[in-house]
Amino acid sequence: MTPTNGHTQTQRRTTEKTIMSNALILSGGGARAAYQVGVLKAVKDLLPSHHYNPFPIICGTSAGAINTLALAGRPGYFTDQVEALEKTWRNINAGDIYHTDLWGIVRNSLRLALSLVYSGTKASSPVALLDNKPLRKLLEGYIQFRQIDEAIASNRLQAVAVTAMSYSTGQSITFFQGLHDHWKRARRLGVRTGLTLDHVMASAAIPTIFPPVKIGDHFYGDGALRQLKPLSPALHLGASKLFVIGVSDNPYRQSFDEEVYHSPTLAQMISHMLNSAFIDTIESDLETLRAINRLTGAAGDNARTEEGIADFRQIEFLNISPSTAINELAESYLHELPRTVRFFLRATGATARGGGTSAASYLLFEPGFIGALIELGYSDTMKQSQRVRDFFQLPSTGDIGTENRPEVSTHG
């Protein structure tokens, strides 16, 4: 063995040791989750040429749960997993996610309307606007759950988790596979189990849009709805460093000076409800984490012990989120949707004029929009390449200043 090879192996072991507490957190957002694929593609390109799993803990919610299991449930190195994920995303359209036929949408709309005045709907036939059986079929042929078992058994993975909401109790339930114990907090539980396709479909079941999924004796829906602490599952599973990929475009962009031309449309109201579930909670949790990091950084060990917070610790994290308004991006691709879906969106005001393009963006599983999001995620991450290198403790390229290091205690 040459000295160079010996040095490379030592570097590999050192690098692998530093990542054992890294967690990847993927938020929800329907079609917006394609942005996460672009970020992961950039991470793949920024990592060293030798292969290792950069995220031994992976947690996802809603569409982020799909990407979570798509990574964990595939063989090969991280490079192979990301490339397969990108290929799948770039080749899907709305018909691969939900049925787009006119009769099906009309029938489901009538059933949804009747359910408002008639409670006799069969439990075996949940009410929803869209039938997402195509998504289940797509994931059945993609996710290999035995790979999760093998990866955990061989220590390539520590834990994989997806979060759903119980319609029976209103609790946020994180189903995870790993060697950790259950946990219980206010309105949220961690349940160790063997993950199945039902857990993924439940986590991504947007209320009224996609049908709830029955697991055991209870029905579950989209995990983002009651997930008040989306960073919490990763911390319970042993993470000390968080790599968070959001789908919100600059939470400080909004202005109170915008002109109002009409009363809010149905789609506009739905947009805000969806955003409050998929976007607002993770931004709020990140702000809380920043505050805790500042407090623990300012207080010494004795002070934390006196205040009863001795177990509090600083959590390093890196948050990547879109630099471009997703709503504006979606406007350019609405024409790609099937005619039946476009008709429904126009009827509810999910257009630029109606102010509801945010709602439309969650359903825009079409190549143009998906491709644009992947490229945006890749570009946004590459612009912060030094922050990514610092997160993984990789050698600096020297082309970006240290002011962009991963956040620990401060943020603008």
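Heads up: the structure comes first, above all this text.
Chains are numbered independently. Their residues run from 1 in the order of the written sequence. Only residues with pLDDT of at least 70 are given local features in this predicted model, and only at 80 or more are side-chain atom pairs given and counted; all residues enter the totals for whole chains, interfaces and linings. Just so you know, side-chain values use all the structure's heavy atoms and leave hydrogens and water out.

A. Region of the structure containing the overall build of the chain. A count of helical and extended segments in the chain gives 16 helices and 10 strands. A total of 412 residues make up the chain; the buried ones form 50% of that total. Contacts are assigned to residue pairs that have any heavy atoms within 4.5 Å of one another. Of the contacts formed within the chain by residues at least 6 apart in sequence, a portion of 76% connects residues at least 24 apart. In the structure as shown, the chain presents an accessible area of about 19,400 Å², 54% of it carried by carbon and sulfur atoms. Helix numbers and strand numbers start at the N terminus; a helix is a DSSP run of H or I with at least 4 residues, a strand a run of E with at least 2. Burial status follows relative accessibility: with a 1.4 Å probe on protein chains alone, a residue under 20% of its type maximum counts as buried, one over 50% as exposed, and anything between as partly exposed. All accessibility values rest on the Shrake-Rupley procedure with a 1.4 Å probe; residue burial counts only the protein chains present in the view.

B. Inspection of unusual backbone geometry at higher detail. One non-glycine residue, serine 62, lies in positive phi territory at about 60 degrees. For serine 62, the position within the fold is in the loop between strand E2 (57–61) and helix H3 (63–72).

C. Structural view of the pairing of strand E4 (residues 172–178). Most of E4 sits out of view: seven of its seven residues are buried. With burial as the criterion, each face of E4 is covered, one bearing Ser172, Thr174, Phe176 and Gly178 and the other bearing Ile173, Phe175 and Gln177. Between the end of strand E3 (residues 159–166) and the start of E4, which pair antiparallel, lie five residues, with glycine 170 showing a positive phi angle near 75 degrees. Strands are labelled as partners when DSSP assigns at least two bridges between them.

D. Up close: the side chain of serine 172. Here serine 172 lies in strand E4. Overall, the relative accessible area of 4% leaves serine 172 in the buried class. Residues in contact with serine 172, not counting those within four places in the same chain, are Thr163, Ala164, Arg187, Arg188, Leu189, Gly223, Arg226 and Gln227.

E. Inspection of the side chain of threonine 381 at higher detail. In this fold, threonine 381 is placed in helix H15 (residues 367–382). Among the residues examined, threonine 381 registers a relative accessible area of 0% and is labelled buried. Not counting residues up to four positions away in its chain, the partners in contact with threonine 381 are Val39, Ala42, Val43, Ile320 and Val388.

F. Representation of the nonpolar core. Nonpolar core, defined: a set of buried Ala, Val, Leu, Ile, Met, Phe, Trp, Tyr and Cys residues in which side-chain atoms within 4.5 Å join the residues together. Core analysis: the largest hydrophobic core is formed by 83 residues, its most contacted members being Phe55, Trp89, Tyr98 and Phe243. Other than its neighbours up to four places away in sequence, phenylalanine 55 contacts Asn22, Ala23, Leu24, Leu40, Val43, Phe78, Leu157, Phe243, Phe391 and Phe392. Within the second largest apolar cluster, 19 residues are counted, among which are Ala23, Ile57, Leu231 and Ile315.

G. Quick look at helix H6 (residues 133–140). Of the positions making up H6, those classed as buried are Pro134, Leu135 and Leu139. End-on, the buried residues of H6 take up no more than an arc of 130 degrees, which puts them together on one face. Facing away from the buried side of H6, by more than 90 degrees, are the exposed residues Lys133, Lys137 and Glu140. The inward-facing, buried residues of H6 contact H3 and helix H8 (197–203). Of all possible arcs, the one meant is that of the directions from the helix axis to the C-beta atoms.

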